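Below are the chains, spelled out letter by letter.
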Amino acid sequence: MATAVPAERDAVAGAFPAPVREVRHPGALLHRTSVGVDLLAAGVGPALAAASTAAALTAAALAGTPYALVVCAGIAGGFLPDAPVGSLVVADEITVADLGAETADGFLPVTELGFGTVTHRPPGPLLRRAAAATGARTGTVLTVSTVTGTAARAAALRARHPRALAEAMEGFGVAEAAAAHGVPVLEVRAVSNPVGPRDRAAWRIPDALAALTEAFAKLAPVLENPGIPKIPEIPENPENPENPGALEVPENPEPPEIRPGEPGEPAELGKPGEPGEVEPA
Ligand SMILES: O=C(O)c1cccc(C(=O)CC[C@H]2O[C@@H](n3cnc4c(=O)[nH]cnc43)[C@H](O)[C@@H]2O)c1
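Description of the structure in this document. (Residues numbered from 1 in each chain as written. Predicted model: local features only at pLDDT ≥ 70, side-chain atom pairs only at ≥ 80, totals over all residues. Heavy atoms only, no water.)

**A closer look at the site of the ligand**
Argument step 1. Within the structure, the ligand sits among 18 residues, and Ile75, Glu167, Met169, Glu170 and Asn193 are positioned closest to it.
Argument step 2. Within the backbone of Gly77, an N or O atom sits 3.3 Å from a nitrogen atom of the ligand.
Argument step 3. A distance of 3.0 Å separates an oxygen atom of the ligand from a polar atom in the backbone of Met169.
Argument step 4. For the ligand, whose unbound accessible area comes to 610 Å², protein coverage reaches 81%.
Argument step 5. Counting residues per element, the ones that place at least two in the shell around the ligand are strand E5 (70-78), strand E11 (164-168) and strand E12 (185-194). (Near = heavy atom within 4 Å. Polar contact = N/O pair within 3.5 Å; in protein donor to acceptor, adjacent residues only side chain to side chain. Areas by Shrake-Rupley, 256 points an atom, 1.4 Å probe, with all protein chains shown as cover. Helix = DSSP H or I, 4+ residues; strand = E, 2+ residues; numbered from the N terminus.)

**Overview of the nonpolar core**
Argument step 1. Grouped together as the largest cluster of nonpolar side chains are 34 residues, with contacts concentrated most on Val70, Val174 and Val185.
Argument step 2. Where this core is concerned, the elements lending two or more residues are strand E3 (28-32), helix H2 (46-62), E5, strand E6 (88-96), E11, helix H5 (171-180) and E12.
Argument step 3. Excluding residues within four positions of it along the chain, Val174 makes contact with Ala2, Ala49, Ala50, Thr53, Val70, Cys72 and Val185.
Argument step 4. Counting 31 residues, the second largest nonpolar core, distinct from the first, contains Ala11, Phe16, Val90 and Ala190. (Core = buried A, V, L, I, M, F, W, Y, C linked by side-chain atoms within 4.5 Å. Buried < 20%, exposed > 50% of the residue type's maximum accessible area, 1.4 Å probe, protein only. Contact = heavy atoms within 4.5 Å.)

**Digging into the pattern of salt bridges**
A side chain of one charge can pair with a side chain of the opposite charge if their charged atoms are brought near each other.
Argument step 1. The tally for this structure, following the rule as stated, stands at ten salt bridges.
Argument step 2. Here Asp10 and Arg9 are joined by a salt bridge, their closest N and O atoms 3.0 Å apart.
Argument step 3. Note on Asp10: relative accessible area 40%, which makes it partly exposed.
Argument step 4. In this structure Arg9 comes out as buried when scored by relative accessible area, which is 11%.
Argument step 5. Glu170 is the partner of Arg189 in a salt bridge, and the nearest nitrogen-oxygen pair spans 3.0 Å. Placement of the pair is Arg189 in strand E12 and Glu170 in the loop between E11 and H5, with a sequence separation of 19 residues. (Salt bridge = Lys/Arg side-chain N within 4 Å of Asp/Glu carboxyl O.)

As structure tokens, this is what we get:
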């Protein structure tokens, strides 16, 4: 579970039974709950959130216990009237709003420049279960690098993304990291403020954090059993032109010896193995 700041991480932690313990990896400090869900304050903005999430995913994969699901969570700005302050949004599209080029004819997303991606979509069945469990609205959650501060910018974003319910700053970065590891992603946001003219005093942060705790209490059973198989990554093999998408594997590979409770045992959701962990001093 990746949030931007520790206050959001701790709000999510409030939905799980105490205690949590710290697990330190290079580039990612995890809070591991007693039910095996890992929480990460991944940093503000898509770049740092992607870097931190990728570090956590890589550490888990190297330990032989890859994550089954990544969830980006936190507070957000909501587009009125569809996502008022206090409401909860689960993204059916996680879309980066400002990755592209400004032209004389307006904004062009990177995809129209011929590269990259601008949207990640959570698996439909998981999304529907998450929305049903929490009562959340579903729609596009935009990822921005600059918080919207004017009515004109809010209107421009909605004109370009009519299904947008909320904007926040990490979802696309977290989703890019998850996609690189072939792991599905969800984004869950509690609306703390309207998207529009900047009025920081009007942000209802404590209420949104409380809504986040409540949402994750309801989501816990869904997250424990997301029902989504990991998409296997097929590494390229340039030396095998008949099957360039597969690495050569011996015909009867020796099965790895795996004993219960050891690294390599199929992981419980989000519960990486012990190697690589460093307990806090
Ligand atoms: O000051 C606090 O106590 C506090 C507690 C929890 C979170 C914060 C933040 O400032 C979180 C920043 C985080 O929130 C997202 N966010 C919220 N509203 C918007 C918005 O209107 N536009 C874009 N992002 C928004 C965003 O993901 C930030 O990273 C403070």
